[in-house]
Amino acid sequence: MQPFTQHTGLVAPLDRANIDTDAIIPKQFLKSINRSGFGPNLFDEWRYRDHGEPGQDCSNRPRNPEFILNQSRYQGASVLLARLNFGCGSSREHAVWALENFGFRCVIAPSFADIFFNNCFKNGLLPIVLDEGSVDGLFREVAATPAYRLTIDLPAQTVTTPSGEVFGFAIDAFRKHCLLNGLDDIGLTLQHADEIRAYEDRRRREVPWLFA
Amino acid sequence: MAAKTLYDKLWDAHVVRTDADGTAVLYVDRHLVHEVTSPQAFEGMKLAGRQPWRRASMLAVPDHNVPTTDRRRGIDDPISRLQLDTLEANCTEFGITEFKMDDIRQGIVHVIGPEQGATLPGMTVVCGDSHTATHGAFGALAFGVGTSEVEHVMATQCLIQKKSKSMLISVDGQVSPGVTAKDLVLAIIGQIGTAGGTGYALEFAGPAIRALSMEGRMTVCNMAIEAGARAGMMAVDDITIAYLEGRPYAPKGNLWEQAVAAWQALHSDPDAVFDQIVHIDAAAIQPQVTWGTSPEMVVAVHDRIPDPTAEPDPVKRGSMEQALAYMGLKPGTPMTQISLDRIFIGSCTNGRIEDLRAAAAVIKGRKVANSVKQAMVVPGSGLVKLQAEAEGLDKVFIAAGFEWREPGCSMCLAMNADRLLPGEHCASTSNRNFEGRQGQGGCTHLVSPAMAAAAAIAGHFVDAREF
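Bear in mind that the values here come from a model prediction, so they are computed numbers and not experimental data.

Chemist: Looking at this structure, how should I read the overall build of chain B?
Modeler: Counting its regular elements, chain B contains 16 helices and 19 strands. The C-alpha radius of gyration of chain B comes to 21 Å, within 12% of the 23 Å expected for a compact globule of 467 residues. Considered along the principal axes of its C-alpha atoms, chain B spans approximately 55 × 55 × 45 Å. Split into buried and exposed, the 467 residues of chain B put 59% on the buried side.

Chemist: What is the right way to read the overall build of chain A from this model?
Modeler: Summing up its helical and strand segments, chain A has eight helices and seven strands in all. With the principal axes as the frame, chain A shows a C-alpha extent of 65 × 45 × 25 Å. Restricting the contact set of chain A to residue pairs at least 6 apart, pairs at least 24 apart contribute 66%.

Chemist: Explain the nonpolar core to me, please; I cannot follow it from the model alone.
Modeler: One broad trend across soluble globular proteins is that nonpolar side chains are buried collectively. Counting residues in hydrophobic clusters, the biggest one holds 210 residues, and the most contacted among them are Leu81(A), Ile108(A), Leu184(B), Ile343(B), Ala453(B) and Ala455(B). When residues in this core are grouped by element, the largest group, nine residues, is from helix H16 (residues 449–458) of chain B. Setting aside residues up to four positions removed in sequence, Ile343(B) forms contacts with Val372(B), Ala375(B), Met376(B), Cys426(B), Ala427(B), Ala452(B), Ala455(B) and Ala456(B).

Chemist: What exactly am I supposed to notice about the environment of Gly164(A) here?
Modeler: Position of Gly164(A) relative to the elements: it lies in the loop between strand E6 (158–160) and strand E7 (166–168). When the C-alpha positions of Gly164(A) and His51(A) are compared, they lie 43 Å apart, and in sequence the two are 113 residues distant.

Chemist: So what exactly am I meant to see when it comes to helix H4 (residues 109–116) of chain B here?
Modeler: What sets the pattern is the α-helix's 3.6 residues per turn: residues three or four places apart point alike. All names here are of chain B. Buried residues dominate H4, accounting for seven of its eight residues. Buried within H4 are the following residues: Val-109, His-110, Val-111, Ile-112, Gly-113, Pro-114 and Glu-115. Buried residues belonging to H4 abut strand E3 (30–33), strand E6 (124–127), helix H8 (214–222), helix H12 (347–350) and helix H14 (382–390). In the segment just after H4, Gly-117 is the residue with positive phi, at about 75°.

Chemist: What exactly am I supposed to notice about the environment of Gln288(B) here?
Modeler: All names here are of chain B. Position of Gln-288 relative to the elements: it lies in strand E13 (residues 288–290). Distance from Gln-288 to Leu-255, taken between C-alpha atoms, is 42 Å for residues 33 residues apart in sequence. Beyond its immediate chain neighbours, meaning those up to four positions away, Gln-288 contacts Asp-183, Leu-186, Ala-187, Val-298 and Ala-300.

Chemist: Explain the confidence of the model for chain B here, please?
Modeler: Where the model shows low pLDDT, its predicted coordinates should not be examined in detail. A residue-level look at chain B finds 100% of positions with pLDDT of 70 or above and a mean pLDDT of 97. Across the whole predicted complex the pTM is 0.97, and at the interface the ipTM reaches 0.96.

Chemist: What am I meant to see in the interface of chain B and chain A here?
Modeler: Quoted interface sizes are often the accessible area lost when the parts come together. Contacts between the two partners involve 59 residues from chain B, matched on the other side by 49 residues from chain A. Of all the elements in the fold, those that place two or more residues in the side of chain B that touches chain A are strand E1 (15–18), strand E2 (24–27), helix H2 (39–48), helix H3 (78–94), helix H5 (147–156), strand E8 (158–161), helix H10 (253–263) and helix H11 (314–327) of chain B. The leading source of residues in the side of chain B that touches chain A is H5(B), at six residues. Tallied by class, residues from the side of chain B that touches chain A come to 22 nonpolar, 27 polar and 10 charged.

Chemist: Help me out: how do you make sense of the packing of helix H13 (residues 353–363) of chain B against helix H15 (residues 393–400) of chain B in this one?
Modeler: All names here are of chain B. Contact geometry for H13 and H15: axes closest at 9 Å, N-to-C directions at 45°. Viewed along their axes, H13 and H15 adopt a mutual orientation that is oblique. Crossing handedness for the pair H13 and H15: left-handed. Every residue of H15 that contacts H13 at Leu-356, Arg-357, Ala-360 and Ile-363 is listed here: Leu-393, Val-396, Phe-397 and Ala-400.

Chemist: Sorry if this is basic, but what is going on with the sheet that holds strand E10 (residues 200–205) of chain B here?
Modeler: Remark on secondary structure: sheet strands pair via backbone hydrogen bonds, oriented parallel or antiparallel. Residue and element names in this part refer to chain B. The strand order across the open sheet built from four strands is E11-E10-E9-E12, with neighbouring strands paired in parallel fashion. Looking at strand neighbours, the two that pair on one side only are strand E11 (231–233) and strand E12 (276–281), the edges of this open sheet. Across the sheet, the axes of successive neighbouring strands diverge by a mean angle of 20°, strand direction being ignored. Where E10 meets E11, three bridges bridge the pair, whose relative direction is parallel. Bridging across to E11, Leu-202 finds its partner in Gly-232. Its contacts with the sheet put helix H1 (residues 6–14) on strand E9 (165–172), E10 and E11, and the angle it makes with E10 is roughly 130°. Helix H6 (residues 181–192) rests against E9 and E12 of the sheet, and its axis sits at about 125° to E12.

Chemist: What am I meant to see in the pairing of E2(B) here?
Modeler: Successive side chains on a regular strand alternate, one facing one side of the sheet and the next facing the other. All names here are of chain B. Sheet topology places E1 next to E2; three bridges connect them, and they run antiparallel. The residue of E2 that forms the bridge with Arg-17 is Val-25. Hairpin remark: E1 followed by E2, antiparallel, with five residues in the connecting loop; positive phi at Gly-22, about 95°. Relative to E8, E2 runs antiparallel, the two sharing four bridges.

Chemist: Looking at this structure, how should I read the sheet that holds strand E1 (residues 6–13) of chain A?
Modeler: All names here are of chain A. Taken together, the seven strands give an open sheet; going across it, the order is E4-E3-E2-E1-E5-E6-E7, and neighbouring strands pair in mixed fashion. Lying at the two open borders of the sheet, with one neighbouring strand each, are strand E4 (126–129) and E7. Between one strand axis and the next, the sheet turns by 25° as a mean value, whatever way the strands run. As paired elements, strand E2 (residues 79–81) and strand E3 (residues 106–109) share three bridges and run parallel to each other. Across the sheet, residue Val-79 finds its bridge partner in E3, namely Cys-106.

Chemist: How should I be thinking about the environment of Ala310(B) in this particular structure?
Modeler: Residues and elements named next belong to chain B. With respect to the helices and strands, Ala-310 occurs in the loop between strand E14 (298–300) and H11. For Ala-310, a count of 9 C-beta atoms within 10 Å translates into the label exposed. As for Ala-310 and Asp-281, which are separated by 29 residues in sequence, their C-alpha atoms are 25 Å apart.

Chemist: Even after reading the chapter, I still don't get unusual backbone geometry, so can you show me in this structure?
Modeler: If a residue is not glycine, its phi is most likely negative; likewise, a peptide bond is most likely trans. Residues and elements named next belong to chain A. Here the phi dihedral of Phe-43 falls at roughly 50°; this positive angle occurs in a residue that is not glycine. In this fold, Phe-43 is placed in the loop between helix H1 (21–24) and helix H2 (44–47). Residue classification places Phe-43 among the buried positions, given that 21 C-beta atoms sit within 10 Å.

Chemist: Help me understand the packing of H2(B) against H5(B), please; the structure alone is not making it clear to me.
Modeler: For any two helices packed against each other, the geometry is given by the interaxial angle and the distance between the axes. Residues and elements named next belong to chain B. Where H2 meets H5, the closest approach of the two axes is 8 Å, and the angle between their N-to-C directions is 50°. Classified by the angle their axes make, H2 and H5 are oblique. Where H2 crosses over H5, the handedness of that crossing is right-handed. Along its contact with H2, which presents Gln-40, Ala-41, Gly-44 and Met-45, the element H5 presents Thr-147, Val-150, Glu-151, Met-154 and Ala-155. Across the contact of H2 with H5, the residue classes tally to five nonpolar, three polar and one charged.

Rules behind the numbers
Residues numbered from 1 in each chain as written. Chains lettered and ligands numbered in written order. Predicted model: local features only at pLDDT ≥ 70, side-chain atom pairs only at ≥ 80, totals over all residues. Helix = DSSP H or I, 4+ residues; strand = E, 2+ residues; numbered from the N terminus. Rg over C-alpha atoms; globule rule 2.2 N^0.38 Å. Buried ≥ 20, exposed ≤ 12 C-beta atoms within 10 Å, placed from the backbone. Contact = placed C-beta atoms within 7 Å. Core = buried A, V, L, I, M, F, W, Y, C linked by C-beta atoms within 7 Å. pLDDT = per-residue confidence, 0-100. Nonpolar A, V, L, I, M, F, W, Y, C, P; charged D, E, K, R; others polar. Axes fitted to C-alpha atoms, helices over the stretch in contact; angles between N-to-C directions. Parallel < 35°, antiparallel > 145°, perpendicular 65-115°, else oblique. Left-handed = near helix turned anticlockwise from the far one by under 90°. Pairing = 2+ DSSP bridges.

This is the structure:
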């Protein structure tokens, strides 16, 4: 996993609540057996005017000029600004892979759906929760300011605007540690293999029908 | 000893270790696997040279991509076929039990787990699928995980997690006749909202829940995620135990007796404290129909489509306007005036035998309206299909003009060939009405099996109780 420490990037605003993972990456792309290659199909049904299929070359597909990621001022965006309950719906980690493959390193929203939020941390994509008022303010600033960039400092847990305004954000200490170091948590859990075996031995006696 | 919620009991029984900050290593008893969210996890295992920690905990089945038409022809779509072949190759390589496409036990992962007795009370159950909360109906802690966590469970039998907050949803009183589990859960989502359960483990309780069959309970728990909660659960009672007895994976003989005795404790203690309690008045619930693109956008069948201009919250108002524009619907329209192009009866929410019986009871002796282009029934599993055929339900559906299909996820998410065309409206017994969920540009209305059946006959929404 790519570690996350500091990042400064162009902000793309997606002004819509309850963006679901079906919208982030439609189902036909879930047929892939790979972890990469989802970037061109991120938000496929909003981004293009035709129907997309996996394996297709997207460079000549008709684009929807109104969709935010197709607008020239947001080209190269790496910070996504969104509304309440971002990433709701299905557990597909492909949604996180698509955002990450596209080039996003961070999503800022007032709230996230649980499974999506959890999946982000497995892939070096930082989800930041800021209160609704702050997010609203950021939407206004992005709209008013071309080339609007935010600086995210994970060790300091801050988001800094171009004018120097600083927002603090909370993050679970274990998740922060894993993100900063790009750690694979399977390896961390396996350090407790003896405890897992001891637990199993006890449970095998207490609830033998679960081990039959 | 302090009073505990059901969630407390399930959590405590599965904690291997907890760090000072509350981060726990949680043991997983049952790991259900399907073809869509597992290939990258198996690939990760191979790259790291790891073996599954406990193969016997795993049960795999292809469901999302499988065709629901004659399977002797195989799968036309080469990409879908590759995903199924990959699951089969991985299960063979790692020694994991798989119910293949031609196995009578094949079906939707959340239908077959309980049907086989592979889901048991007191278990932790995970699957790379958000509707895993279904299994919580058995007094289990069940939740969906992403692919990285699928791999984590394969490799370690555990997950790293912090405990969620707890919410009791008490459904007080009884529903009126003809109001189903689906109406009940849609009404709950309508009340608490699609993010109302975010960060919580839900427990559904109260007389109206106790009165439900296991099929109905699974329908309710299945949609916990549509209220934002990863896990939804219910206490164990005689109905739970009667459902499980004799199922292939359920314990037998002396072990069964021991298990049943232990399961008696799987309920919240009377004085248990929840972080939040929501009361729902069961008697007030009418048959529900969704009008928008989020499951919370739901009204009773006799209501009208709400007017966004009456919504004070600008973000909510914007969502409502976007939903109506996508659905091609106008505020104030009576729900009964929405005409339907297609009807879908099936899914992990409503693809069980009781659902098919309820739909068939409405349809019997009637015909699908001429204006409906397609009406299909997709049983949740091969065994559900077999049972339905033994009861003659297939003949009822076929005589009415329904297509009688092979089991799978089908048009719930339209990964296979079953899908809506742009602008088409569908009465669907599935769980999500998101934009494009059932096909790009398609418009989904979530309803119960009886309501979908009645809509098929009428060609538009009607109160199934009036049939």
